[in-house]
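# Structure at a glance
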Amino acid sequence: DALTISERIRLAVQANIYRMHRDEISVTVSIGVAGQIGGNVDFSELFSAADRGLYDAKGRGRNRCVTGQFGAYRHPRSGAKGYLGDPVAAWLPLS
């Protein structure tokens, strides 16, 4: 599945030592993952969920893979409530 593949990518990037000029640097990645099993979810909803997973991964300390979810959600930084299908900039409070 997508989360397993993302985790393999994350581990492969982390395992390498990268060279820039004479310096060796380590690199890590954070990956947001979303998938659809049945139902009618369009690309923008999937992308938004994956984007939310990415921000969640960074908020948890980076260098990890997190699955974004659909439905009611609380923003990890601001605590604002919103719907995962909405773009980050257009979050509206839930009633």
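Values in this document were obtained by computation on a predicted structure and should not be read as measured data.

The rules we used
- Residues numbered from 1 in each chain as written.
- Predicted model: local features only at pLDDT ≥ 70, side-chain atom pairs only at ≥ 80, totals over all residues.
- Heavy atoms only, no water.
- Salt bridge = Lys/Arg side-chain N within 4 Å of Asp/Glu carboxyl O.
- Buried < 20%, exposed > 50% of the residue type's maximum accessible area, 1.4 Å probe, protein only.
- Pairing = 2+ DSSP bridges.
- Helix = DSSP H or I, 4+ residues; strand = E, 2+ residues; numbered from the N terminus.
- pLDDT = per-residue confidence, 0-100.
- Contact = heavy atoms within 4.5 Å.
- Phe/Tyr/Trp six-rings, centres within 6.5 Å; stacked < 30°, edge-to-face > 60°.
- Lys NZ or Arg CZ within 6 Å of the ring centre and 35° of its normal.

### Some remarks on the pattern of salt bridges
- Under the criterion given, the structure shown has three salt bridges.
- A salt bridge links E24 to R19; its shortest N-O distance comes to 3.1 Å. Here the two residues E24 and R19 agree in accessibility, since each one is exposed.
- The partner of D56 in a salt bridge is R60, with the nearest N and O atoms 3.0 Å apart.
- You can call D56 buried: its relative accessible area is 15%.

### A short note on the pairing of strand β2 (residues 23-26)
- With four bridges connecting them, strand β1 (residues 17-20) and β2 associate as antiparallel partners. Note on β2: the bridge partner recorded for R19 is E24.
- The turn joining β1 and β2, which pair antiparallel and follow one another in sequence, is formed by two residues; a positive phi near 60° is taken by H21.

### Observations concerning the confidence of the model for the protein
- Chain-level statistics for the protein give a pLDDT mean of 76 and a share of 69% at 70 or above.
- Between the elements of the protein, mean pLDDT differs from a low of 51, seen in strand β6 (residues 81-83), to a high of 92, seen in β2.
- Throughout residues 83-95 the model reports pLDDT below 50, and contacts reaching past four residues in sequence, or to other chains, amount to 33 contacts.

### Things to note about the packing of aromatic side chains
- Applying the stated criterion to the full structure yields one aromatic pair.
- Relative to F47, the ring of F43 lies with its centre 5.9 Å away and its plane at 35°, an arrangement referred to as tilted. On the criterion of helical spacing, the pair formed by F43 and F47 is a turn pair, its members being four residues apart in helix α2 (residues 43-59). There is no split in this pair, since F43 and F47 are both exposed.
- Directly above the ring of Y55 sits K58, whose terminal nitrogen or CZ lies 6.0 Å from the centroid.

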